[in-house]
Amino acid sequence: AFALSVVSEDAEDETGLPVLQKSEKGGTLSKIGRELKEIVFVIQSQSNSFHSKRAEDLKRDILKQAVDLGKELPTVLLIHQINRHEGAWTILPLMRDFSVTYGRNSSWIFFCEEDTRIQVVKLLETLRRFDKSKEWFLGKALYDEESTIIHHYAFAENPTVFKFPDFAAGWALSIPLVNKLAMKLKSEPLKSDFTIDLKHEIALYIWQKGEGPHLTPVPEFCTDDVDSYKVDHCATTFSNFLPLCGEPVNKEDVFVAVKTCRKFHGDRIPVVKQTWEREAALIEYYSDYADISIPTIDLGVPNTDRGHCGKTFAILERFLNHTSPRTPWLVVVDDDTLISIFRLRKLLSCYDPNEPVFLGERYGYGLGTGGYSYITGGGGMVFSRTAVQKLLASKCRCYSMDAPDDMVLGMCFSGLGIPVTHSPLFHQARPMDYPKDYLSHQIPVSFHKHWNIDPVKVYFTWLAPNTEESYNGKKVGYNREDL
């Protein structure tokens, strides 16, 4: 089912490093080598060139550490290379393959993100504390302080009781639990519905309404930065920074399209103008009514109560036909999206606009039975011009004017074989809808919705350019604990 990274005794491995013929450091290393061989590392990778390179670098680092410990190298898999499943990134559909391929000779499946850093020896020491013949679900525990829409208001009476893993710290399933999940999936196929917050949904599935294992918190699974004084005990760390791959892209390289309608001109647009509009060199507001005081542009598409597919495709056509072909990036946001264009320009320095890039917060629909992934609109949808060109050349269009634009775009790109690219820095909801510990290792790019918050305060607390300093231990502006 998978392309294995297991190396024969006399070969060089794919890192180009020689495989040790004998352990030169005694029986302890031989034992470690055997234990290491029993771990399957699964990197939650993506096929976009920037992300796949980071995942390959992590794979190489894991194998390099393994070489120093003996000849028995672990298997290291990259999720995006498991092509049989459109929904491979949702992980549960892979359990049957994991069980068939590794169910006899392995002890653990260890999952991590491309920016997770692993101290292999400490990881082995940590896993050794748990009886590998039992069902274990291990990770760094997150929990909701109050019930939230992104988790369908689960555990409303006391949301703190349910724990789910922070993927950035890495998380592990023992093989007996993998085998059990595989059996369950055989008899009960995954429902064909939405994947919104994968870490929460996986924990719910494993928990099985209280009949399955709860997440066991593991203090050695950390999200502290590798340079932090706190990491001495950590088996994993996390590079908690905003990626920057050279100079930020120019302001003029990012065209921002704001979707609005007449009834929100008076309350939502002033928030945009008080907060992030000043960061955008190229910005247009698209509405069902031309208001010169903003100004808005009437695209000739009537407003709909939901979906807005017609409006979004009209924006894509306008971007392609009425903006400079030298502008490589389009960002489409709602009028109640709070976004840092300043940080987005840094992030986009890591992506090649000559690739068809469709970037934002990834959701899924029906991925247990085919389905497709899409970028959820509220957090902002980022397109390379190349992606827009390929999309519009394909003739894939809305099946109705009020169809959900983000889902239709996901279907279209899926049909074109263009994967969406996920960044956890885009957020479909408000800061208080996420665990504080989850946001603590992020430099976010966006949040969405003005409901029950002061959106101007949220912007200046979480997203304004000068809050960069707060990541160096200085308090700037408002206190995040209040939000």
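Calculation rules
- Residues numbered from 1 in each chain as written.
- Predicted model: local features only at pLDDT ≥ 70, side-chain atom pairs only at ≥ 80, totals over all residues.
- Heavy atoms only, no water.
- Pairing = 2+ DSSP bridges.
- Helix = DSSP H or I, 4+ residues; strand = E, 2+ residues; numbered from the N terminus.
- Contact = heavy atoms within 4.5 Å.
- Axes fitted to C-alpha atoms, helices over the stretch in contact; angles between N-to-C directions.
- Salt bridge = Lys/Arg side-chain N within 4 Å of Asp/Glu carboxyl O.
- Buried < 20%, exposed > 50% of the residue type's maximum accessible area, 1.4 Å probe, protein only.
- Phe/Tyr/Trp six-rings, centres within 6.5 Å; stacked < 30°, edge-to-face > 60°.
- Lys NZ or Arg CZ within 6 Å of the ring centre and 35° of its normal.
- Expected span 1.5 Å × (residues − 1).
- Polar contact = N/O pair within 3.5 Å; in protein donor to acceptor, adjacent residues only side chain to side chain.
- pLDDT = per-residue confidence, 0-100.
- Disulfide = S-S within 2.5 Å.

If you walk across this open sheet you meet the 3 strands as β9-β18-β19, and the pairing is antiparallel. Since the sheet does not close on itself, it has two edges, and those belong to β9 (194-195) and β19 (372-375), each with one partner. Sheet topology note: the β9/strand β18 (residues 362-365) ladder contains 2 bridges and is antiparallel. Of the residues in β18, the one forming a bridge with Thr 195 is Gly 364. Of the strands in this sheet, β9, β18 and β19 touch helix α11 (residues 405-415), which is tilted by about 130 degrees from β19.

Take the pattern of salt bridges next. One pass over the structure, following the stated rule, counts 20 salt bridges. Asp 166 serves as the salt-bridge partner of Lys 140, at 3.9 Å between the closest nitrogen and oxygen. Of this pair, Lys 140 sits in the loop between β5 (137-139) and β6 (141-142) while Asp 166 sits in the loop between β7 (164-165) and β8 (171-174); the two residues are 26 residues apart in sequence, bridging distant segments of the chain. The same class applies to Lys 140 as to Asp 166, namely buried. Here Asp 334 ties to Lys 259 by a salt bridge, and the two come within 3.4 Å at their closest N and O atoms. Linking Asp 334 in strand β15 (residues 329-334) with Lys 259 in strand β12 (residues 254-259), this pair joins segments that are 75 residues apart in sequence.

Further remarks concern the packing of aromatic side chains. Counted under the stated rule, the structure contains 23 aromatic pairs. Ring centres of Phe 50 and Tyr 351 lie 5.3 Å apart, and the angle between their planes is 70 degrees; this geometry places the pair in the edge-to-face category. You can see Phe 50 sitting in helix α2 (residues 49-67) and its partner Tyr 351 sitting in the loop between α9 (341-348) and β17 (358-360), a full 301 residues away along the chain. Aromatic pair Phe 167 and Trp 171: ring centres 5.1 Å apart, planes at 15 degrees, arrangement stacked. The burial state of Phe 167 is the same as that of Trp 171; both residues are buried. In textbook terms, an aromatic cluster arises when at least three aromatic residues are bridged by ring pairs, as seen for Phe 98, Tyr 102, Phe 111, Phe 137, Phe 167 and Trp 171. Taking NZ or CZ as reference, Arg 385 lies 4.2 Å from the ring centre of Phe 319, over its face.

Over its 19 residues, α2 runs 27 Å from end to end, which matches the ideal 27 Å to within 8%, given 1.5 Å per residue. Here α2 has its buried residues at Phe 50, His 51, Ser 52, Arg 54, Ala 55, Leu 58, Lys 59, Ile 62, Leu 63, Gln 65, Ala 66 and Val 67. Capping the start of α2, Asn 48 holds a side-chain oxygen 3.0 Å from the backbone nitrogen of Phe 50, two or three residues further along.

This brings us to the confidence of the model for the protein chain. The predicted model of the protein chain has a mean per-residue pLDDT of 89, with 89% of residues at 70 or higher. Segment residues 1-26 is flagged for pLDDT under 50; beyond a separation of four residues in sequence, or across chains, it makes 53 contacts in the model. Overall, residues 467-478 carries pLDDT values under 50, and its contacts beyond four positions in sequence, including any with other chains, amount to 22 contacts.

All right, on to the state of the cysteines then. As used here, a disulfide is simply a covalent bond connecting the sulfur atoms of two cysteines. Following the criterion strictly, the structure yields 4 disulfides and no others. In this model Cys 222 forms its disulfide with Cys 234; the gap between the sulfur atoms is 2.0 Å. Disulfide Cys 222-Cys 234: torsion about the S-S bond near -95 degrees, hence left-handed. Highlighted residues: Cys 222 in the loop between β10 (216-217) and β11 (236-238) and Cys 234 in the loop between β10 and β11, separated in sequence by 12 residues.

So, about unusual backbone geometry. Cis geometry marks the peptide bond from Ile 294 to Pro 295; its omega dihedral reads -10 degrees. Mapped onto the elements of the fold, Pro 295 is located in the loop between β13 (282-287) and β14 (296-298). Here the phi dihedral of Ile 91 falls at roughly 70 degrees; this positive angle occurs in a residue that is not glycine. Position of Ile 91 among the secondary structure elements: in the loop between β2 (75-78) and α3 (95-102). Taking the relative accessible area as the measure of exposure, Ile 91 reaches 0% and is therefore buried. With a phi angle near 55 degrees, Tyr 153 is a residue other than glycine that sits in the positive phi range.

Attention now moves to the side chain of Arg 54. As for its placement among the helices and strands, Arg 54 is situated in helix α2. Since its relative accessible area comes to 17%, Arg 54 is described here as buried. Ignoring sequence-local partners within four residues, the contact set of Arg 54 consists of Glu 114, Asp 115 and Phe 241.

What follows covers the sheet that holds β5. Here we have 6 strands laid out as an open sheet, ordered β2-β1-β3-β8-β5-β10, and mixed in their pairing. A strand with exactly one partner marks an edge of an open sheet, and here the two such strands are β2 and β10. Across 2 bridges, β5 lies against β10 in parallel orientation. Each residue of the ladder has a partner; that of Gly 139, found in β10, is Pro 217.

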